[in-house]
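Each chain, written out:
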Amino acid sequence: MEVSEAVNKRRSIREFKDIPVPYDALEKCVDAARLAPSASNRQLCEYIIVDDTPLLPQVFDTVRIWFGTPPPGRRPKAYIITLVNGPLENELGGVRKKTIYDAGMAAENMMLVALEQGLGTCAILSYQERELRRILNIPAKYEIALMLALGFPDESPVVEAAAGSVKLWRDHQGVRHIPKRDLKDILYRNRFT
Ligand SMILES: Cc1cc2nc3c(=O)[nH]c(=O)nc-3n(C[C@H](O)[C@H](O)[C@H](O)COP(=O)(O)O)c2cc1C
């Protein structure tokens with residue numbers, strides 16, 4: 001798959017087939033994260049793969065899936081939690097704060113490699129941190145940067161041109177529509193106009 005095709009195809013997936021995700025596929029995603037750009041090449045991100053069947057509902061209860069909670073059976077079949085080894089808010093002249101960009105770039109690598117393997121993903125920032133830390137035994141010195149929910153997609157959201165609003169919506173068939181701003185509205189050449 002061409003990179004641009006993958007970028008075009010990737011949509012946030014929030015409803016998944018009731019089949020497990022092979023661990024190898026998840027590991028491949030983290031390996032792609034490992035190779036992502038890193039400010040000063042510090043590589044402070046580390047990852048937890050959650051694919052244990054009894055653990056999945058516990059993790060699900062800590063997250064908020066926007067635009068409608070998927071029913072049981074259609075929930076994520078795995079999670080990858082990006083941790084940062086140290087505080088994100090800087091005490092080192094902003095160096096650590098840059099790590100949040102590392103986490104974002106690593107996330108996109110993971111999402112694209114997941115897509116290549118037929119998996120759907122959704123980035124998640126809405127989670128109950130204290131509860132998640134407890135369930136996954138995350139040490140206090142690590143910060144949670146981002147979660148990814150994963151599974152084989154059971155929905156096919158479509159991108160459309162944003163006509164004013166960028167609000168996601170569902171049509172009568174339950175298909176999610178994702179309005180994206182037009183290139184001409186976000187791109188300037190040489191100077192801001
Ligand atoms: C930093 C970040 C945090 C997000 N957090 C959540 C979240 O907590 N829950 C959720 O359902 N979606 C979350 N999303 C997914 C966005 O809603 C989604 O990317 C957006 O609606 C655009 O859709 P697309 O990813 O299909 O292009 C998050 C996305 C990003 C980049």
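As a starting point, this report considers the structure included with it.

Reading the values: the criteria
Residues numbered from 1 in each chain as written. Predicted model: local features only at pLDDT ≥ 70, side-chain atom pairs only at ≥ 80, totals over all residues. Heavy atoms only, no water. Pairing = 2+ DSSP bridges. Helix = DSSP H or I, 4+ residues; strand = E, 2+ residues; numbered from the N terminus. Axes fitted to C-alpha atoms, helices over the stretch in contact; angles between N-to-C directions. Contact = heavy atoms within 4.5 Å. Phe/Tyr/Trp six-rings, centres within 6.5 Å; stacked < 30°, edge-to-face > 60°. Near = heavy atom within 4 Å. Polar contact = N/O pair within 3.5 Å; in protein donor to acceptor, adjacent residues only side chain to side chain. Nonpolar A, V, L, I, M, F, W, Y, C, P; charged D, E, K, R; others polar. Domains from an automatic or database assignment.

### Focus: the sheet that holds strand β2 (residues 78-85)
On the basis of which strands lie adjacent, the open sheet formed by four strands has the order β1-β2-β4-β3 and antiparallel pairing. Looking along the sheet, the strands with just one partner apiece sit at the ends: β1 (45-50) and β3 (120-124). Going from strand to strand, the sheet's axes swing by 25° on average, the running direction of each strand aside. Bridging between β1 and β2 involves six bridges; their strand directions are antiparallel. Paired with I49 across the bridge in β2 is I80. On top of the sheet, helix α2 (residues 23-34) reaches β1, β2 and β4 (142-151); it is set at about 170° to β1, its chief contact. Along the sheet, helix α4 (residues 99-116) makes contact with β1, β2, β3 and β4, crossing β4 at roughly 15°.

### Description of the packing of aromatic side chains
What the rule picks out here adds up to two aromatic pairs. Residues W66 and F67 carry aromatic rings whose centres are separated by 6.2 Å and whose planes lie at 85° to one another, so their mutual orientation is edge-to-face.

### Things to note about the site of the ligand
The immediate surroundings of the ligand are formed by 16 residues, with R11, S12, W66, A123 and K180 found nearest. Side-chain polar atom of K180 to an oxygen atom of the ligand: 2.6 Å apart, as the coordinates give it. For the shell around the ligand, the secondary-structure elements that each account for two or more residues are β3 and β7 (176-180). The element that contributes the greatest number of residues to the shell around the ligand is β3, accounting for three residues. Class assignment of the residues belonging to the shell around the ligand gives a composition of nine nonpolar, two polar and five charged. The residues that make up the shell around the ligand include at least three from each of domain 1 (3-155) and domain 2 (157-193).

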